[in-house]
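What follows is the residue order along each chain.
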Amino acid sequence: MRLDKFLAQSSIGRRRTVRIYVKEGLVKVNGKVVTEPAMEIRENTDVIEYNGKLVTYTEKVYYMFNKPAGCITARKDAVNQTVFDFFDDADTMGIFHVGRLDKDTEGLLLLTNDGELEHKLMYPQNHVQKTYFFWALGSLDEVRRKQLEHGIYIGKDEAQTKPAKLKIHKYGLFNEFKNEISCGNLNIKDSGYYNQPVVSGYLTITEGRKHQVKRMLKAAGCYVIYLKRISIGGLTLDESLEKGKYRPLTQAEIQKLFR
Ligand code: URA
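I will try to describe carefully the structure that is included in this document. Each residue is numbered by its place in its chain's sequence as written, counting from 1. Confidence filtering applies because this is a predicted model: local features only for residues at pLDDT of at least 70, side-chain atom pairs given and counted only at 80 or more, and all residues used for totals across whole chains, interfaces and linings. The basis for the side-chain values is all heavy atoms of the structure; hydrogens and waters are excluded.

**Quick notes on the site of the ligand**
Selection criterion: Distances are taken per atom, and a residue is near a molecule or strand as soon as one of its heavy atoms is within 4 Å of it. What qualifies as a polar contact is a pair of N or O atoms within 3.5 Å, subject to a donor-acceptor requirement within protein and to the restriction that residues adjacent in sequence count only when both atoms come from side chains. Here, Shrake-Rupley sampling with a 1.4 Å probe gives the accessible areas, and only protein chains in the shown set may cover a residue. Runs of E in the DSSP output that reach at least two residues are strands. Runs of H or I that reach at least four are helices, and both are numbered from the N terminus. Each residue gets one label: Ala, Val, Leu, Ile, Met, Phe, Trp, Tyr, Cys and Pro are nonpolar, Asp, Glu, Lys and Arg are charged, and the others, such as Gly, are polar. Domain segmentation is taken from an automatic or database assignment of domains.
The immediate surroundings of the ligand are formed by Leu101, Asp102, Thr105, Tyr132, His211, Gln212, Val213, Lys214 and Leu227. Between the ligand and the protein, one listed contact pairs an oxygen atom with a backbone N or O atom of Gln212 at 3.4 Å. Between Val213 and the ligand, the recorded distance is 3.1 Å, taken from a backbone N or O atom to a nitrogen atom. Expressed as a share of its isolated accessible area of 240 Å², the protein-covered part of the ligand is 95%. Of all the elements, helix α6 (residues 212-219) adds the most residues to the shell around the ligand, at 3 residues. When its residues are assigned to classes, the shell around the ligand shows 4 nonpolar, 3 polar and 2 charged. When residues of the shell around the ligand are assigned to domains, at least three fall in each of domain 2 (62-124 + 234-258) and domain 3 (129-232).

Put into structure tokens, the structure is as follows:
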């Protein structure tokens with residue numbers, strides 16, 4: 001097995017983090033410092049050390065968190081509340097978040113100590129689908145819907161987005177839906193919005209560029225006012241999990257992620 005894979009599986013950290021540890025000379029194989037993360041090791045017989053400590057198997061933990069708006073996806077922050085502030089300290093040992101959600105985005109966030117799972121879900125070549133529910137100011141005609149689905153330019157010097165799936169949920173005037181849109185991005189008391197068109201839907205993407213959903217919809221002429229992630233690969237947010245709460249994944253959910 002590759003050394004970086006072994007270290008990530010042993011809960012030392014994400015794949016890209018453990019590669020840095022190896023390159024920094026923090027890892028020894030059979031007593032010798034190695035600096036090549038791709039080195040093949042015999043995981044059953046070789047003695048692997050990280051930072052002077054023997055690397056042994058650690059039980060994997062997987063948590064589903066229903067992220068509320070208003071907190072940031074980071075371990076610590078001097079100003080903002082972070083997703084870790086919602087966890088019991090004892091449960092945060094060695095875990096990290098898989099991907100990020102913006103401060104105003106809600107919904108499914110996975111946290112784990114399994115660096116291999118993170119690699120599997122986030123590595124762009126694995127094309128893992130992530131589905132987001134959105135409300136946006138604006139309307140999406142046939143041409144714009146096709147652009148979103150086939151690929152759209154969202155930034156200077158950036159390639160077109162990869163094919164995505166779009167399912168329109170509702171559209172009409174803001175006023176018709178004002179009671180069901182919970183938007184952090186807008187002062188909904190401002191009646192100036194009441195006669196504006198709005199659209200909601202599900203956008204499924206396989207990439208993870210910064211603010212990707214907001215930028216895709218912006219490129220299609222819309223302004224996102226509410227965003228929630230509802231699934232990653234085969235895992236769907238448990239809607240009975242209240243905002244700000246977390247729970248371990250069931251065995252069946254873990255299997256769906258690895259499928
Ligand atoms: N796309 C966004 O624009 N924001 C998120 O938080 C996630 C995906």
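**Digging into the packing of aromatic side chains**
Stated formally: Two rings from Phe, Tyr or Trp (for Trp, the six-membered ring) form a pair when their centres sit within 6.5 Å of each other. Planes less than 30 degrees apart are called stacked, planes more than 60 degrees apart edge-to-face, and all others tilted. Buried means the residue's accessible area, taken with a 1.4 Å probe over protein chains only, is under 20% of the maximum for its type, while exposed means over 50%, and partly exposed covers the values in between. Both a distance and an angle decide whether a charge sits over a ring: NZ of Lys or CZ of Arg must be within 6 Å of the ring centre and within 35 degrees of the ring normal.
Overall, the coordinates contain 12 aromatic pairs when judged by the stated rule. Taking the centre distance of 5.8 Å and the plane angle of 70° together, the rings of Tyr63 and Phe87 count as edge-to-face. Here Phe87 lies in the loop between β5 (62-67) and β6 (96-98) and Tyr63 lies in strand β5, a separation of 24 residues in the sequence. Neither Tyr63 nor Phe87 differs from the other in exposure class; each is buried. Taking the ring centre of Phe84 as reference, the NZ or CZ of Arg75 above it sits at 4.1 Å. Its end group placed over the ring of Tyr194, Lys178 keeps NZ or CZ at 5.4 Å from the ring centre.

**Observations regarding the environment of Ile72**
Along the polypeptide, Ile72 turns up in the loop between β5 and β6. As for Ile72 and Asp102, which are separated by 30 residues in sequence, their C-alpha atoms are 6.7 Å apart.

**Let's talk about the layout of surface pockets**
For clarity, the threshold we go by: Throughout, the protein atoms alone are placed on a 1 Å grid, and a set of points is a cavity if a 1.4 Å probe fits but cannot get out or a pocket if it is open with protein on both sides within 12 Å along at least five of seven lines; lining residues have an atom within 4 Å of a point. Grid points are joined across faces, edges and corners, and a volume is the space filled by probe spheres set on the points.
Of the pockets and cavities examined, the largest pocket occupies roughly 830 Å³. Looking at the largest pocket, it is lined by 31 residues, and the ones nearest its centre are Gly99, Arg100, Met122, Gly208 and Arg209. Only α2 (15-23), α3 (115-122), β8 (130-137), α6 and β11 (223-232) provide two or more residues apiece to the lining of the largest pocket. Considering only residue class, the lining of the largest pocket consists of 9 nonpolar, 9 polar and 13 charged.

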